[in-house]
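What follows is the residue order along each chain.
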Amino acid sequence: DKDFRIRYSRLFGDKYVDFAAISPDGQSFLTAAHYSKNGNLVTQISKFNINQEDALYSTEFIGEVPLGIYYTDGGYCLLTTDTLRMFDNDNNVTGEVGFIGKELLSGRVFGNRALINYKLDGLSGGTETVIYRLDGSIEFQDSFPTALSDTLICGNKLYLLSPGNLTVCDIASGSKESYSIPTSYSSLVADGEEIILFSENQAEYFNPSSFEGKDEQQ
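About the cut-offs
- Residues numbered from 1 in each chain as written.
- Predicted model: local features only at pLDDT ≥ 70, side-chain atom pairs only at ≥ 80, totals over all residues.
- Heavy atoms only, no water.
- Phe/Tyr/Trp six-rings, centres within 6.5 Å; stacked < 30°, edge-to-face > 60°.
- Helix = DSSP H or I, 4+ residues; strand = E, 2+ residues; numbered from the N terminus.
- Buried < 20%, exposed > 50% of the residue type's maximum accessible area, 1.4 Å probe, protein only.
- Lys NZ or Arg CZ within 6 Å of the ring centre and 35° of its normal.

A. Seen up close, the packing of aromatic side chains. Taken as a whole and judged by the stated rule, the model has 7 aromatic pairs. Considering the side-chain rings of Phe-12 and Phe-48, the 6.0 Å spacing of their centres and the 90° angle between planes classify their relative orientation as edge-to-face. Taken together, the residues Phe-12 in the segment before β1 (16-22) and Phe-48 in strand β3 (residues 40-49) connect sequence positions 36 residues apart. Of the residues examined, Phe-12 reaches a relative accessible area of 22% and is grouped as partly exposed. The exposure class assigned to Phe-48 is buried, which follows from its relative accessible area of 1%. Ring centres of Tyr-179 and Phe-206 lie 5.2 Å apart, and the angle between their planes is 75°; on these two criteria the pair is classed as edge-to-face. With Tyr-179 in strand β16 (residues 176-180) and Phe-206 in the loop between β19 (203-205) and β20 (212-213), this pair connects stretches of sequence that are 27 residues apart. Assigned by exposure class, Tyr-179 and Phe-206 land together as buried. An aromatic cluster is defined as three or more aromatic residues linked by ring pairs; in this entry it consists of Tyr-8, Phe-12, Phe-29 and Phe-48. Over the ring of Phe-12 we find Arg-10; its NZ or CZ atom is 5.5 Å from the centre of that ring.

And the structure:
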């Protein structure tokens, strides 16, 4: 808690917890763990209340490795090497996106949107970026000719970072604007409604007027 007192602890002796997420009210949390069972890798997700020792809910997915678990406004999401699954607060699956036939590069959940990057078929280094709603439907989709160092959603904007370039997309309209930035920047972090560019030894708030703008695309 705010006074650094332990509110809850648990030992997972036979599993490796890859990811955990704390609910906005701090009263519950989710874990995504993996372990081996009968020669297969298994992902196990569990939901806990900090006032109760045993899990409130737990389920498993065989042959998958967890890549992230996230709270959403109406439930939570689990991202694995095979599938993105959306759950409501009663642990019912409300949406599902499978990655069979695609090469998954990265994925994250931002509020009620899931941002997934795939390797673009037939183009070396290209990236297909898709934003999914929590029912599994597509809200935004576009492809880019280069590999992306980092991507994130902030408000209704999608930010895509590649060496020497930052592209900003309006999710609703699909319009894009690109900016030339130092090649040393390799990651992005959102701070409220602002974006911070990070390199190995430097951080800078992104201000469009401070960078050279390229052609705006529709």
